[in-house]
Amino acid sequence: MNAWRFKFRASEVAVMYFTMLGTLVLILVASYQAAGSGGDPFPYQVPLDPQGNLQLSWNISYPLQELCFRLLVKDLRYGVLFGMSDRGEFLNADLAVLWSDGFKSYFGDAWSDAQGNIRLDEKQNYELLETHRAPEGFYLLFKRPFSTCDPKDYLIEEGTVHLLYGVLDRPVTSLQMLNHSLASCGVQRVQLLRPDIPAPRLPPDVRTLEVLAPSVSIPSQETTYWCHIYELPAHMPKNHIVMYESVITPGNEAIVHHIEVFECAPQFDSVPQYSGPCDSKMKPRSINYCRHVLAAWAMGAQAFYYPDDAGLALGGTGSSRFLRLEVHYHNPLLLTGRLDSSGIRLYYTPTLRKYDAGIMELGLVYTPVMAIPPHEESFELTGYCTAKCTQTALSPEGIKVFASQLHTHLTGRSVRTALVRQGREVEILQEDNHFSTHYQIIRTLKKMVKVLPGDVLLTKCVYNTADRDRATVGGFGIEEEMCVNYIHYYPRTDLELCKSHVDEDYLQKYFSFINRFQGKETCNCNQATVTDQFATLRWDQFSKDVLKSLYNTAPISMHCNQSSAVMFPGEWERQELPQVTAELPKPHYRCETSSQPPAQPSEAIEVQMRSQP
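Residues numbered from 1 in each chain as written. Predicted model: local features only at pLDDT ≥ 70, side-chain atom pairs only at ≥ 80, totals over all residues. Heavy atoms only, no water.

Enquirer: An account of the pattern of salt bridges is needed here, citing residue identities and associated values.
Expert: Applying the stated rule across the entire model yields 21 salt bridges. Where salt bridges share partners, they join E66, E127 and K143 into one cluster. (Salt bridge = Lys/Arg side-chain N within 4 Å of Asp/Glu carboxyl O.)

Printed below as a string of structure tokens:
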């Protein structure tokens, strides 16, 4: 399709449309978030496909509750699909479709049914704004509200969004004949909604340190986690990290999926040099103790800045000289011969800021006493940072939380951390209703959240074990589960871990009760491990419901730990569950009021092309 032009069915509307198009686009972009120093009105971008044929850019208007997208198709033939769905599935998905029958082409808001057949939506909430061809390819500019109040449409929320894409390589006689199986489709995960916070100025004496992969030959397999040990200069004094950004080897932008940098445990005087797959049996065991997150990036993420008056300590006494770089390569095309030296560039200053930033773990302790039964589509577990712990560990001025990183393993579906004060939810630190363990970044909060002594922090995770036949227990293994929020805050305190788990004596009472109820005369509960006891249960609805009730009512054991891993003084066993008397209301969207402009009627925009591909 070498050239495209658009017309509406009503000629007088078409004339008005083309006359006002340039002005409309300028006004639209002006109402969105600042483009930044580069001047690009679409400051966020991500490659959609591994080949880099589809490049998505976007901008956000919180006042209008809209997103404006710019899709570049480098090699456009007979059309393209773009959309969203709950977990990246192409069934029951919300789509914008550009398609051609070989003579005429159309753009429309569509959805896919349970069989993947694509249907035009009754209301056109994807609004086409502009198209043009450039030397680098074909551009589509369109917008969409966060919420349309249409049950067939996807609700765009803060957190992870699973984007769908597909390229049509042959003509489609009508949209009704189109099934997603006819397109070369894929999924990309991004954070669409970003906080509108201007980037702070870097100090004049800022220095850089690049933690990079050592020219790795990317394996010709779909998924690889590559670990590399990096050693800081000897006797490096204390500095403050004030910003970091990704460094991606040119040509690998669509393969380098995410990157993390961890600091190793300071008690290790040395960590063996290693560069290889993170799951290799040949890796040194001490690498497993490099878990203190310094930086995390994923596709579509921008540079991460610390607040003006805080920085993360790098070097100095009490820190480790060793860092672990972890790069996730996503290579579904099994490409060979690609060398990669991607990583993270840290910006640090020797002029220390007023406050040290800290990282605190919230959620559940990594223990098998917290488990998810098999064949569950939505099972909740909640970890508590209790009022007693924050009262004991925090100063009267409290702390300011400015970012967080959510974490579960493979069965995690959503994570939510709420601040509770005097029994009432007052802030949501972070919520991700479409969480994926394959997309984990440190996310800056829209506004800082102040946590005071006596406050409670609840971290709730929802899991799906529908495809598992055995209970999934808590633990470090990827087939086990976690429920964690690493919050980034200042000023740093001695409180490094504020997590909980169910009281183990009450769990043993559960095993004894269920075994007897299911007709087992004897119970070797005291001799078997918790993991083995979960494995031998006969899971029916009753045993699942009783376990859920136990987790929601039984006392908890608190881990209120200092950075030395020693608990703060106090009694932390058999603590009563914090009570929440009021939750925060759900966000309010413009489509829920009469002031929201009506969507366009169910009619695709006709596209005519001057020449065939």
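Enquirer: Help me get a handle on the nonpolar core, residues and values and all.
Expert: Grouped together as the largest cluster of nonpolar side chains are 82 residues, with contacts concentrated most on W58, L71, F82, M84 and L192. If you tally residues by element for this core, the top one is strand β20 (residues 292–298), at six residues. Among all residues touching M84, those that are not within four sequence positions of it are F69, A93, D94, Y126, R144, Y154, I156, V161, H162, L163, L164 and L192. (Core = buried A, V, L, I, M, F, W, Y, C linked by side-chain atoms within 4.5 Å. Buried < 20%, exposed > 50% of the residue type's maximum accessible area, 1.4 Å probe, protein only. Helix = DSSP H or I, 4+ residues; strand = E, 2+ residues; numbered from the N terminus. Contact = heavy atoms within 4.5 Å.)

Enquirer: I'd like a rundown of the sheet that holds strand β23 (residues 322–330), residues and numbers included.
Expert: Sheet architecture is open: five strands sit in the order β19-β16-β23-β18-β20, paired in antiparallel fashion. Single-partner strands in this sheet number two, and they are β19 (275–277) and β20. Between one strand axis and the next, the sheet turns through 15° on average, direction left out of account. Taken together, the nine bridges between strand β16 (residues 223–231) and β23 define a ladder with antiparallel strand orientation. Bridging from a neighbouring strand, Y225 pairs with H328 of β23. (Pairing = 2+ DSSP bridges. Axes fitted to C-alpha atoms, helices over the stretch in contact; angles between N-to-C directions.)

Enquirer: I'd like to hear about the state of the cysteines, residue by residue, with values.
Expert: Summed over the entire model, instances satisfying the criterion amount to six disulfides. Linked covalently through their sulfurs, C385 and C498 form a disulfide whose S-S length is 2.0 Å. An S-S torsion of about 95° defines the bridge between C385 and C498 as right-handed. Here C385, found in strand β29 (residues 379–385), pairs with C498, found in strand β37 (residues 495–502); they are 113 residues apart in sequence, far enough to count as distant. On the basis of relative accessibility, which here comes to 1%, the residue C385 falls in the buried class. Each sulfur of the disulfide joining C461 and C483 lies 2.0 Å from the other. Sign of the S-S torsion, about 90° for the bond between C461 and C483, identifies this disulfide as right-handed. Linking C461 in strand β34 (residues 456–463) with C483 in the loop between β35 (472–473) and β36 (484–490), this pair joins segments that are 22 residues apart in sequence. Of the two residues, C461 and C483, neither departs from the other in class, the shared state being buried. (Disulfide = S-S within 2.5 Å.)

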